[in-house]
Amino acid sequence: MNLNIAVLGAPKAGKTLFCINFAEYMGARNLCYLEVGALGKGRGVITPQVARQLMVDPGPRCNGVVRTFAVNLNKGAPYRIAFTDTASLNNKEKLTHAERRKLILTLRALQEADIVLYLLDLACSDPAVLHFAAETDRRLAGYSRSNAKPYLLVGTKWDQRSSNPIHWNHFFSSNGNLVSISSKTGKGFPELRRLLLGDRGLFSVTSDLL
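In terms of nonpolar packing, the biggest core is built from 35 residues, with Ile5, Phe18, Leu31, Ile81 and Leu117 touching the most fellow members. For this core, the element with the highest residue contribution is helix H1 (residues 15-25), accounting for six residues. What Ile5 contacts, discounting residues up to four positions off in sequence, is Ile81, Ala82, Phe83, Thr84, Ile115, Leu117 and Leu196. Judged by nonpolar contacts, the second largest core, of 16 residues, contains Leu89, Leu110, Val116 and Leu122.

Structure (structure tokens):
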């Protein structure tokens, strides 16, 4: 049984570090990955430690590719869970050809996903970025609802959150609450795993569709 999770967010939201560290938290000692970008496709097996060195900014392989990390788990019966680290969603009126190509890959990952996670950078206090994040949250929630895909808003960088008072409830989509995590410290990972894979979590909701 396969479960595909698309991880979306703005630049610097922490998508790559989240995918690697959450997979490691779930027990992965090695990560099988598939990447698609301007140079074509690539695949391999890598440890979480090496993945952090090579793939997390400013790693030498931070080139905006869409990369899927696969983890084999056992939940009663063997199954595979895949986290797709998508290209960043940019708040720009005009995108370059390369940025449009990355967006197409991200939209394809969104279409193929069973569950959609949208990462909100809690350390950000830029009003323009936050406004874009709120609008993106509403659109992704609406898309997920229309396509019967579970959707979850995840606040990242809890350990670096802005001291500027922000009413986070303004960013809540109509069908979910904000789950706060820190990919560096692991704060919030137990709750997120429960929401995704618990007996009444999103996994159980999607299993009937798989």
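This part is about unusual backbone geometry. Unusually for a residue other than glycine, Lys12 sits at a positive phi of about 70°. Here Lys12 shows up in the loop between strand E1 (2-9) and H1. At Lys157, a residue that is not glycine, the phi angle is positive and equals roughly 60°. Within the secondary structure, Lys157 sits in the loop between strand E7 (151-156) and strand E8 (178-180).

To continue, consider the packing of H1 against helix H2 (residues 48-55). Contact geometry for H1 and H2: axes closest at 10 Å, N-to-C directions at 175°. Our classification of the angle between H1 and H2 gives roughly antiparallel. Packed against H1, whose contacting residues are Thr16, Leu17, Ile20, Asn21 and Glu24, the element H2 presents Pro48, Ala51, Arg52 and Met55 at the interface. Counted by class, the contact of H1 with H2 contains five nonpolar, two polar and two charged residues.

Glancing now at the pattern of salt bridges. Scanning all chains against the criterion turns up six salt bridges. Here Asp121 and Lys157 are joined by a salt bridge, their closest N and O atoms 3.4 Å apart. In this pair, Asp121 is assigned in strand E6 (residues 115-121) and Lys157 in the loop between E7 and E8, connecting sequence segments 36 residues apart. On the basis of relative accessible area, Asp121 is assigned to the buried category, the value being 15%. Overlapping salt bridges, with partners in common, bring together Glu135, Arg138 and Arg139 in one network.

The rules behind these values
Residues numbered from 1 in each chain as written. Predicted model: local features only at pLDDT ≥ 70, side-chain atom pairs only at ≥ 80, totals over all residues. Heavy atoms only, no water. Core = buried A, V, L, I, M, F, W, Y, C linked by side-chain atoms within 4.5 Å. Buried < 20%, exposed > 50% of the residue type's maximum accessible area, 1.4 Å probe, protein only. Helix = DSSP H or I, 4+ residues; strand = E, 2+ residues; numbered from the N terminus. Contact = heavy atoms within 4.5 Å. Axes fitted to C-alpha atoms, helices over the stretch in contact; angles between N-to-C directions. Parallel < 35°, antiparallel > 145°, perpendicular 65-115°, else oblique. Nonpolar A, V, L, I, M, F, W, Y, C, P; charged D, E, K, R; others polar. Salt bridge = Lys/Arg side-chain N within 4 Å of Asp/Glu carboxyl O.

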